[in-house]
Amino acid sequence: MTSTLQPAATTEAVRRPGRWLALSVLVLAVLLVAVDATVLGLATPYISEDLNPSGTQLLWIGDVYSFVIAGLLVSMGSLGDRIGRKRILLGGATAFGAISVLNAYATTPELMILARALLGVAGATLMPATLALIRNLFHDPRERSLAVGIWGATASAGTAVGPIAGGFLLEHFWWGSVFLINLPVMAVLVLVGIRTLPESRNPNPGPWDLISVVLSLVGMIGVVYAVKEAAAHGFTWPALATALLGATALYGFVHGQLTMPTPLLDMRLFRCRGFSGAVLADLLTVLGMSGLVFFLSQYLQLVQGRRPFEAGLAELPAAVGAVAAGLVAGRAARRFSVRAVVSGGLAAVGLALAVLTALGRSTGYPVLGAALLVVGIGAGFSFTVTADVILSSVPKEQAGAASAVSETAYELGAALGIALLGSIVTGAYRDFTGPAGTPAQAHESLGAAVEAATKMPPHTAEALLTASRDSFLHGLHLASGAGAAVLLGTAVAAWFLLKGQNLESAG
């Protein structure tokens, strides 16, 4: 694929006034999604105590958002290319805020799962639209790299704001309050975005094929669900049947896109080695990190006994590292190379995850904080540069669909990571032997065990807490080791797949 970028000298004339103000609105949408993703992990122990979900329901609460958003991102990105990215962004933001209220007031595990699924539908409209609008606002490669860096840094900042704000709210209000912090951000985004964001769309989009939308949704959810069930219960007939249904739907989707004159997703994009390599790197990186992200808050609160606000502060180094790395990633990739920055970042994350296999109940914070800082720096370099490569590889008319592919890889990686690594933690946890009188629900999750311990005699409660915490740590060690292996392998693959890529002429 040839580059669609013009030389920097010719782009001076098309630099849009007010583009940096418009970018500030776009990063609010990124902040909205990032904050929501992080506060869920912090609130998980409280949701477990209040709603009393089973271990499987708890995993569904954590990953159904990713399942749905992964299934709809390509369709919503393509829809934005057709009806207008500004329109779908503002509409999605409004729905995201409204559905956050439903999350906050969920009264049963089933309602919480439904609310998270609906939030995924709204969330699928946001991220592709923000990246696509950046592609259309910033034509100069260096300006676009900086804009993407700010975009990525804001997402990382959201991962810091979420736990800190969420921790404060959890100490003073009920767990549902952590979802209501979306509302003021959404309000500012919509009110300011109406006035500052330019509308952009594909001038010749073709029809939005509903059959392709359904095939994409069924295929993605079917395959990811099958992986989740196989990881948790083995290769049962329902899991195999769901996998076959999902694979068949995805085959139909791909075949349809290759034969349609105006497809939802131009499959020829994957012929570009840089595009495919960047997408694959994102997917595997998030997969390897997801177990840590989902279970770290439980470790800090339920194993080390930290208060929610303190647990939020403890996760801050990862966000600080990612923000700093994201802002300089484009410059680093030009000075060294795309593959050096991406591969080096991924290797750093892998090594940091390997260190976390030695976590114990009394591990000092300097070790954990240093590891999280390295994770943040490595991820900040990698994600920022791969996003820039993906945007650089496509014509601006296809920016929404290409951005959706990037975000699909991210969300699919998160869903698979939580399913696979989360199942490793859950499976290892359930095997612990508690004292006589341990209730069955204590084996469902660490939160349930901590709650059960409050109703037992002190000696028995201490024995239950020791056994359950040690078992949880064993699962966390296994998940961190698996994540480290995935990240180090991805670093090697990225070194070869991104050979010869640069940010001025990616693709």
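Note that the structure is predicted; figures quoted are calculated from it, not measured.

### What about the overall build of the protein chain?
The secondary structure content of the protein chain amounts to 19 helices and 0 strands. Relative to its full complement of 507 residues, the protein chain shows a buried share of 59%. Counting contacts in the protein chain only where the partners sit at least 6 residues apart, residues at least 24 apart contribute 86% of the total. For the protein chain, the exposed area adds up to about 19000 Å²; of that, 68% sits on carbon and sulfur atoms.

### Side note on a nonpolar patch on the surface
Taken together, the side chains of Leu 102, Leu 114, Leu 118 and Val 121 make up a nonpolar region of the molecular surface, amounting to roughly 280 Å² of accessible area. For the nonpolar patch, the leading source of residues is helix H5 (residues 109–123), giving 3 residues. Take Val 121: its relative accessible area is 32%, and that puts it in the partly exposed class.

### Re helix H14 (residues 316–335)
Along an α-helix, a turn takes 3.6 residues, which lines up residues three or four apart on a common side. With 20 residues, H14 extends 29 Å from end C-alpha to end C-alpha; this agrees with the ideal 28 Å at 1.5 Å per step. Maximal helix bending in H14 amounts to about 50 degrees, located at Ala 329. What H14 keeps buried is the set Pro 317, Ala 318, Ala 319, Gly 321, Ala 322, Ala 325, Gly 326, Ala 329, Gly 330, Ala 332 and Ala 333.

### Describing the side chain of Ser 468
Tracing the chain through its elements places Ser 468 in helix H19 (residues 458–497). Residue Ser 468 is classed as buried on the basis of its relative accessible area, which comes to 0%. In this structure the side chain of Ser 468 is engaged in a polar contact, spanning 2.9 Å, whose partner is the backbone oxygen of Leu 464. Setting aside residues up to four positions removed in sequence, Ser 468 forms contacts with Tyr 429, Phe 432, Leu 446 and Ala 449.

### Topic: the environment of Ala 370
Mapped onto the secondary structure, Ala 370 falls in helix H16 (residues 365–392). The class of Ala 370 is partly exposed, set by a relative accessible area of 42%. For the pair formed by Ala 370 and Val 355, sequence separation is 15 residues and the distance between their alpha carbons is 9.9 Å.

### What about unusual backbone geometry?
A negative phi angle is the norm for most residues apart from glycine, just as the trans form is the norm for most peptide bonds. Here Asn 52, not a glycine, exhibits a phi torsion of approximately 55 degrees, which is positive. Secondary-structure assignment places Asn 52 in the loop between helix H2 (19–51) and helix H3 (55–83).

### Quick word on the nonpolar core
Counting 138 residues, the largest nonpolar core has Met 112, Tyr 299 and Phe 472 as its most contacted members. The residues contacting Tyr 299, other than those within four sequence positions of it, are Gln 304, Leu 359, Gly 360, Thr 363, Leu 368, Phe 472, Leu 473 and Leu 476.

### Thoughts on helix H6 (residues 126–137)
End to end, H6 covers 16 Å across 12 residues, agreeing with the expected 16 Å (1.5 Å per residue, within 8%). Looking at H6, one finds that the buried residues are Leu 126, Met 127, Pro 128, Ala 129, Thr 130, Leu 131, Ala 132, Leu 133, Ile 134, Arg 135, Asn 136 and Leu 137.

### Here we look at the packing of H3 against helix H4 (residues 85–104)
The contact between H3 and H4 brings their axes to 8 Å, and the two run at 145 degrees. Contacts from Tyr 65, Met 76, Leu 79, Gly 80, Asp 81 and Ile 83 of H3 reach H4 at Arg 85, Arg 87, Ile 88 and Phe 96.

### Observations regarding the packing of aromatic side chains
Considering all chains together, one arrives at 3 aromatic pairs under this definition. Taking the centre distance of 5.4 Å and the plane angle of 40 degrees together, the rings of Tyr 105 and Trp 174 count as tilted. Of the two residues, Tyr 105 sits in the loop between H4 and H5 while Trp 174 sits in the loop between helix H7 (141–172) and helix H8 (177–180), which places them 69 residues apart along the sequence. By relative accessible area, Trp 174 is classed as partly exposed at 36%.

### Quick word on the environment of Ile 61
Take Ile 61: it is sitting in helix H3. C-alpha of Ile 61 to C-alpha of Glu 110: the two residues are 49 residues apart in sequence and 8.8 Å apart in space.

### Focus: the side chain of Ser 471
Its place among the elements puts Ser 471 in helix H19. In this view, Ser 471 contacts Ala 428, Tyr 429, Arg 430 and Phe 432; residues no more than four positions away in its chain are not counted.

### Thoughts on the confidence of the model for the protein chain
In this model, the protein chain carries an average pLDDT of 79, and 89% of its residues clear a pLDDT of 70 or more. Element-level mean pLDDT values for the protein chain span from 40 in helix H1 (residues 8–11) up to 92 in helix H15 (residues 338–355). When the criterion is pLDDT under 50, residues 1–13 qualifies, and its contacts beyond four places in sequence or with other chains add up to 22 contacts.

### Quick notes on the pattern of salt bridges
Applying the stated criterion across every chain, the model contains 2 salt bridges. In this structure, Arg 306 engages Glu 310 in a salt bridge whose closest nitrogen and oxygen atoms are separated by 3.1 Å. Residue Arg 306 is classed as buried on the basis of its relative accessible area of 17%. Accessibility expressed as a relative area gives 32% for Glu 310, which makes it partly exposed.

Rules used throughout
All residue numbers here refer to positions counted from 1 along the written sequence of the relevant chain. Where local features are concerned, this predicted model is filtered to residues with pLDDT of at least 70; where side-chain atom pairs are given and counted, the filter is 80 or more; whole-chain, interface and lining totals use all residues. By convention in this description, side-chain values take in all heavy atoms of the structure and omit both hydrogens and water. Under the DSSP-based scheme used, a helix requires at least four consecutive residues in state H or I and a strand at least two consecutive residues in state E, with every element numbered from the N terminus. Exposed residues in this analysis have more than 50% of their type's maximum accessible area, buried residues have under 20%, and partly exposed residues fall in between, with area computed by a 1.4 Å probe over protein chains only. Should any heavy atoms of two residues lie within 4.5 Å, those residues are counted as being in contact. For accessible areas, the Shrake-Rupley method is used with a probe of radius 1.4 Å. Any residue's cover is judged against the shown protein chains and nothing else. In this analysis, a patch consists of residues with relative accessible area above 30% that form no salt bridge, clustered at 9 Å for like charges and at 5 Å for the nonpolar side chains Val, Leu, Ile, Met, Phe, Trp and Tyr. A pair is scored as a salt bridge if a Lys or Arg side-chain nitrogen falls within 4 Å of a carboxyl oxygen belonging to Asp or Glu. What a helix should span is 1.5 Å times the count of its residues minus one. The bend at a residue is defined as the angle formed between two axes, one fitted to the seven residues ending at that residue and one fitted to the seven starting there. Each polar contact in these results corresponds to two N or O atoms within 3.5 Å; when the atoms are within protein, one needs to be able to donate a hydrogen and the other to accept it, and residues that are neighboring in sequence are counted only if both atoms are side-chain atoms. We call a set of buried Ala, Val, Leu, Ile, Met, Phe, Trp, Tyr and Cys residues a nonpolar core when their side-chain atoms join them within 4.5 Å. Here, axes are lines fitted to C-alpha atoms. For helices the fit covers the stretch in contact, and angles between N-to-C directions go from 0 to 180 degrees. Aromatic pairing here means that ring centres of Phe, Tyr or Trp (its six-membered ring) are within 6.5 Å. Orientation follows from the plane angle: under 30 degrees is stacked, over 60 is edge-to-face, and everything else is tilted. Values of pLDDT, which run from 0 to 100, indicate the predictor's confidence residue by residue.

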